[in-house]
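Here is what each chain is made of, one letter per residue.
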Amino acid sequence: MLPSVLRCTRPIPTCLALARPLAHFRTHMDPDPSRPVEKAIRTKLTSSLKPDHLEVHNESHMHAVPPGSESHFRVLVVSSRFDGLPLIQRHRLVNEALKEELSSCVHALAIQAKTPEQWGRNPSLAKSPPCMGGSRGDHTVEEKLRTGRE
């Protein structure tokens, strides 16, 4: 379990972060090769659902996790596979496609699953609520993470 969790974090070089402040503004269909979990999510959803539109947002930075983590995601999937399916069935299709990631390093996944018709009427992604805590107030998190890596 621990090796799979460690795959979800990566160090962020400070010189790179300062040199390219707009580097995170990429098109939604362009995967960042330094983000293996995001890439796996994008690949699996594309393969299984053949989306007309796909957005994968890593929202880990909004939570109490180490910098560079890939643990909290929001996805918007627009696919004709969702035609005639209730919302719960759409979510089950997404969860099934990502079962490996959900059982290892993805802690939270927010899903918007729309048909092409729904997307045509409302082409927007819902905003994420603010993090309500979890370990945000726990100042021993860094120590716990270090201990888990040793």
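Conventions used here
Residues numbered from 1 in each chain as written. Predicted model: local features only at pLDDT ≥ 70, side-chain atom pairs only at ≥ 80, totals over all residues. Heavy atoms only, no water. UniProt positions renumbered as here; feature names shortened; annotations may be inferred. Salt bridge = Lys/Arg side-chain N within 4 Å of Asp/Glu carboxyl O. Buried < 20%, exposed > 50% of the residue type's maximum accessible area, 1.4 Å probe, protein only. Helix = DSSP H or I, 4+ residues; strand = E, 2+ residues; numbered from the N terminus. Arc of directions from axis to C-beta. Contact = heavy atoms within 4.5 Å. Core = buried A, V, L, I, M, F, W, Y, C linked by side-chain atoms within 4.5 Å. Pairing = 2+ DSSP bridges. Axes fitted to C-alpha atoms, helices over the stretch in contact; angles between N-to-C directions.

Going by the annotation in an unreviewed UniProt entry, the name recorded for the chain is BolA-like protein 1, with Stegastes partitus given as the source organism. The heading Subunit (unreviewed entry) in the UniProt record of the chain holds the text "Interacts with GLRX5." Database annotation for the chain, UniProt heading Function (unreviewed entry): "Acts as a mitochondrial iron-sulfur (Fe-S) cluster assembly factor that facilitates (Fe-S) cluster insertion into a subset of mitochondrial proteins. Probably acts together with the monothiol glutaredoxin GLRX5. May protect cells against oxidative stress."

Draft legend 1. Just the pattern of salt bridges, in detail. This model, assessed by the stated rule, comprises six salt bridges. What emerges from the salt-bridge pattern is a single network uniting Lys 44, Glu 100 and Glu 101.

Draft legend 2. How the structure looks around helix 4 (residues 87-97). Buried within helix 4 are the following residues: Arg 90, Val 94 and Ala 97. What you see down the axis of helix 4 is that its buried residues fit within an arc of 65°, all on one side. Those residues of helix 4 hidden inside the fold are in contact with helix 3 (36-49), strand 2 (72-78), helix 5 (99-102), strand 3 (108-114) and helix 6 (116-121).

Draft legend 3. Local environment of the environment of Ala 97. Counting through the fold element by element, Ala 97 comes out in helix 4. The exposure class assigned to Ala 97 is buried, which follows from its relative accessible area of 18%. Taking C-alpha positions, Ala 97 is 6.6 Å from Ser 48, a pair spaced 49 residues apart along the chain. When residues no more than four places from it in sequence are discounted, the contact partners of Ala 97 are Lys 44, Leu 45 and Ser 48.

Draft legend 4. Spotlight on the nonpolar core. By size, the foremost hydrophobic cluster in this structure holds 17 residues, and its most contacted members are Ile 41, Leu 45, Val 75, Val 77 and Val 94. Listed by contribution, the elements that provide at least two residues to this core are helix 3, strand 1 (53-58), strand 2, helix 4 and strand 3. In terms of residue count, the dominant contributor to this core is helix 3 (four residues). Each residue touching Val 75, except ones within four places of it in the same chain, is listed here: Ile 41, Leu 45, Glu 55, Val 56, Val 94, Leu 109, Ala 110, Ile 111 and Gln 112.

Draft legend 5. Seen up close, the sheet that holds strand 2. As summarised here, the arrangement of the three strands in space is 1-2-3, forming an open sheet in which the pairing is mixed. Either end of the sheet is taken by a strand with one partner, and the two such strands are strand 1 and strand 3. The average angle at which neighbouring strand axes cross in this sheet is 10°, direction not considered. Bridge count between strand 1 and strand 2: six bridges; the pairing is antiparallel. From the neighbouring strand, Asn 58 faces strand 2, where its bridge partner is Phe 73.

Draft legend 6. Structural view of unusual backbone geometry. Although it is not a glycine, Lys 50 adopts a positive phi angle of roughly 45°. Looking at the element boundaries, Lys 50 is found in the loop between helix 3 and strand 1. We classify Lys 50 as exposed; its relative accessible area is 57%.

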